[in-house]
Amino acid sequence: MTTDLEGLKKEAAIRAVALVGSGMRVGLGTGSTAKYAIEEIGRRLAAGELSGITGVATSEASDALARQVGIPVEALDPRPLDIAIDGADEIDPALNLIKGLGGALLREKLTEVQARQLVIIADHTKLVTRIGEKAPLPIEIARFGFLSTIERLRAVLSAGRLRQNGAQPYVTDNGNLIFDAQIPEGHDIHALERQLKGTLGVIDTGLFLGMAQVAFVAAPDGVQELRPQ
Ligand SMILES: O=C[C@H](O)[C@H](O)[C@H](O)COP(=O)(O)O
């Protein structure tokens, strides 16, 4: 029985990768949990348990890791992906998610919306009863005019801050910035998503609503397979 968080993340990743079959096009997530899934796909390829896999990476970091472990990587094109496997920052009982604390939300959403099946992997600390309970909501915004965009965002979600990387603003793989906002209790997350997507300067948000079909969530007493409630 594993109790350390890294061991739990790895257990969840191994369960998800068991769903990957030969010949599949696989969306490769980003972050400390998705990393275990990429490594497990690489291990299964090297062991001859899988063949003919192609990966679509959701960040430069995952692209580099995938190549390093021997997964052929292609760019995203309009064809559907058979499966995508990724972590999350929050998971509610309907499997609505917050994603993007690792900064990869835009490429993740672009990729995962094309997956026939989005499989989420996490340790139990990511489970919440309400989206916004623990994690901030990352919102990717254009660099040009970002102070004006932040002012517009503050009219929607008053609490939040521009993500920093040391003394500089954090810059995504797409050359954009991230505003980390707090979602107050009582907000309708579907209405919030529409409102944020309609805010000038916002490129996308870390709300992944109704996208995940299954989540493997590892706790010290085992891995739970969760479906939307
Ligand atoms: O931008 C990052 C992604 O959305 C990650 O999937 C998310 O932040 C979870 O990352 P981790 O598995 O490291 O907690």
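These numbers come from a predicted model, not from an experiment.

A. Seen up close, the environment of Asp-173. With respect to the helices and strands, the residue Asp-173 is situated in the loop between strand S10 (168-169) and strand S11 (177-181). Through-space distance from the C-alpha of Asp-173 to that of Glu-225 is 32 Å; in sequence the pair is 52 residues apart. In this structure Asp-173 touches Ser-59, Glu-60 and Arg-107, once residues within four positions along its chain are discounted. There is a polar contact of 2.8 Å between the side chain of Asp-173 and the backbone nitrogen of Glu-60.

B. Just the packing of aromatic side chains, in detail. Scanning the model with the defined rule gives 0 aromatic pairs in all. The ring of Tyr-36 has Lys-35 lying over it, and the distance from NZ or CZ to the ring centre is 4.5 Å. One cation-aromatic arrangement involves Arg-163 over Tyr-170; the distance from NZ or CZ to the ring centre is 5.2 Å.

C. Main features of the domain arrangement of the chain. By domain assignment, the chain separates into domain 1 (5-125 + 209-220) and domain 2 (137-203). The centre of domain 1, based on its C-alpha atoms, is set 25 Å off from the matching centre of domain 2. The interface is formed by 15 residues belonging to domain 1 together with 16 residues belonging to domain 2. Counting every contact that joins domain 1 to domain 2 gives 1 salt bridge. Put simply, Glu-193 and Lys-109 hold a salt bridge, and the shortest N to O gap is 2.9 Å. Where domain 1 touches domain 2, the interface holds 7 residue pairs in polar contact (both at pLDDT 80 or more). Residues that form the side of domain 1 that touches domain 2 fall into these classes: 5 nonpolar, 5 polar and 5 charged.

D. Geometry of the UniProt feature "active site" (unreviewed entry) in the chain. Following the UniProt record, the feature "active site" (unreviewed entry) maps to Glu-108 here. For Glu-108, the location among the structural elements is in helix H4 (residues 105-112). According to the relative accessible area criterion, Glu-108 is buried, its value standing at 2%. Sequence-distant contacts of Glu-108, that is, excluding residues within four places in its chain, are made with Thr-30, Thr-58, Asp-86, Lys-99, Gly-100 and Phe-208.

E. Looking closely at the packing of helix H1 (residues 5-17) against helix H2 (residues 34-46). With their axes 8 Å apart at the nearest point, H1 and H2 run at an angle of 50° to one another. Classified by the angle their axes make, H1 and H2 are oblique. As H1 runs across H2, the sense of the crossing is right-handed. The residues of H2 that touch H1, namely those facing Glu-6, Lys-9, Lys-10, Ala-13, Ile-14 and Val-17, are Tyr-36, Ala-37, Glu-40, Ile-41 and Arg-44. Partitioning the contact of H1 with H2 into residue classes produces 6 nonpolar, no polar and 5 charged.

The rules we used
Residues numbered from 1 in each chain as written. Predicted model: local features only at pLDDT ≥ 70, side-chain atom pairs only at ≥ 80, totals over all residues. Heavy atoms only, no water. Helix = DSSP H or I, 4+ residues; strand = E, 2+ residues; numbered from the N terminus. Contact = heavy atoms within 4.5 Å. Polar contact = N/O pair within 3.5 Å; in protein donor to acceptor, adjacent residues only side chain to side chain. Phe/Tyr/Trp six-rings, centres within 6.5 Å; stacked < 30°, edge-to-face > 60°. Lys NZ or Arg CZ within 6 Å of the ring centre and 35° of its normal. Domains from an automatic or database assignment. Salt bridge = Lys/Arg side-chain N within 4 Å of Asp/Glu carboxyl O. Nonpolar A, V, L, I, M, F, W, Y, C, P; charged D, E, K, R; others polar. UniProt positions renumbered as here; feature names shortened; annotations may be inferred. Buried < 20%, exposed > 50% of the residue type's maximum accessible area, 1.4 Å probe, protein only. Axes fitted to C-alpha atoms, helices over the stretch in contact; angles between N-to-C directions. Parallel < 35°, antiparallel > 145°, perpendicular 65-115°, else oblique. Left-handed = near helix turned anticlockwise from the far one by under 90°.

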